[in-house]
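Here's the letter readout for the chains.
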Amino acid sequence: MQILRLILITHVLIIVLTACNPNPPSVINYADVPREGDVAQGEILFTSGKNSAPPCILCHIPESPASPDLAGFAERADSQVEGQSAHEYAFYSITEPAQFIAEGYGNAMYNQYDEIFTPQEIADLIAYLLTL
Ligand code: HEC
């Protein structure tokens, strides 16, 4: 229970902090991201994060009111933005989250992953997301 409370407090803090940031265009081009990724590696990045960046799982926990539950993401990803494949939508969701705000949520996602992850790491994360 204690740990859950701690996660919740951190979660709220990060949302408050990131909500104040503008979201500049991604410094990584979609064209530079490999189409193939390593799912296991993606899962590690998702749960552990990298350097000072918060791990995705900090916000994307089931039944969080503030962040979408990513269960079923693979099925809805290619119909979120017209003209964007599931892979491309996942890319922009990570690198430029303000480009499209998932329905029912605020622009509160951490927005500097494009400066933290390499193109291969983003490909790994996408590969993992598309298994959900
Ligand atoms: C600070 C909390 C936070 C963190 C950390 C975070 N996200 Fe998000 N994420 C959100 C919120 C809030 C949204 C909904 C708003 C939006 O679409 O940008 C979202 C949206 C998304 C979406 C689109 C969901 C949909 O249903 O269309 C994906 C995919 C996603 N995040 C993946 C990730 C990945 C991968 C990471 C880690 C690299 C990550 N997120 C880290 C809060 C977070």
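Everything below is about the structure printed above this text.
The structure contained in this document is the topic of the report that follows. (Residues numbered from 1 in each chain as written. Predicted model: local features only at pLDDT ≥ 70, side-chain atom pairs only at ≥ 80, totals over all residues. Heavy atoms only, no water.)

What follows concerns the layout of surface pockets. Regions of empty space are outlined by a rolling probe, equal in size to a water molecule, passed over the atoms. The calculated volume of the largest pocket comes to roughly 580 Å³. Looking at the largest pocket, it is lined by 34 residues, and the ones nearest its centre are His 60, Pro 68, Leu 70, Ser 93 and Met 109. For the lining of the largest pocket, the secondary structure elements donating two or more residues are helix 1 (2–19), helix 3 (73–76), helix 4 (86–95) and helix 5 (119–129). The leading source of residues in the lining of the largest pocket is helix 4, at three residues. Considering only residue class, the lining of the largest pocket consists of 25 nonpolar, six polar and three charged. (1 Å grid on protein atoms, 1.4 Å probe; cavity = no way out; pocket = protein on both sides within 12 Å on 5 of 7 lines; lining within 4 Å. Points joined across faces, edges and corners; volume = space filled by probe spheres on them. Helix = DSSP H or I, 4+ residues; strand = E, 2+ residues; numbered from the N terminus. Nonpolar A, V, L, I, M, F, W, Y, C, P; charged D, E, K, R; others polar.)

The protein atoms that coordinate the iron atom of the ligand are His 60 (NE2) and Met 109 (SD), at distances of 2.0 to 2.2 Å. The class of Met 109 is partly exposed, set by a relative accessible area of 29%. (Donors = N, O, S within 2.8 Å, 3.2 Å for Na, K, Ca; no water. Buried < 20%, exposed > 50% of the residue type's maximum accessible area, 1.4 Å probe, protein only.)

The subject of this paragraph is the site of the ligand. Of all residues adjacent to the ligand, which total 29 residues, the nearest are Cys 56, Cys 59, His 60, Tyr 89 and Met 109. The side chain of Arg 76 places a nitrogen or oxygen atom 2.8 Å from an oxygen atom of the ligand. Pro 97 is positioned with one of its backbone polar atoms (N or O) 3.2 Å from an oxygen atom of the ligand. Its atoms largely coinciding with the cavity grid, the ligand occupies the largest pocket. At the level of secondary structure, the elements contributing two or more residues to the shell around the ligand comprise helix 3, helix 4 and helix 5. Here the shell around the ligand takes three residues from helix 4, the largest share from any one element. Grouping the amino acids of the shell around the ligand by side-chain chemistry returns 23 nonpolar, five polar and one charged. (Near = heavy atom within 4 Å. Polar contact = N/O pair within 3.5 Å; in protein donor to acceptor, adjacent residues only side chain to side chain. Sits in = over half its atoms within 2 Å of the grid points.)

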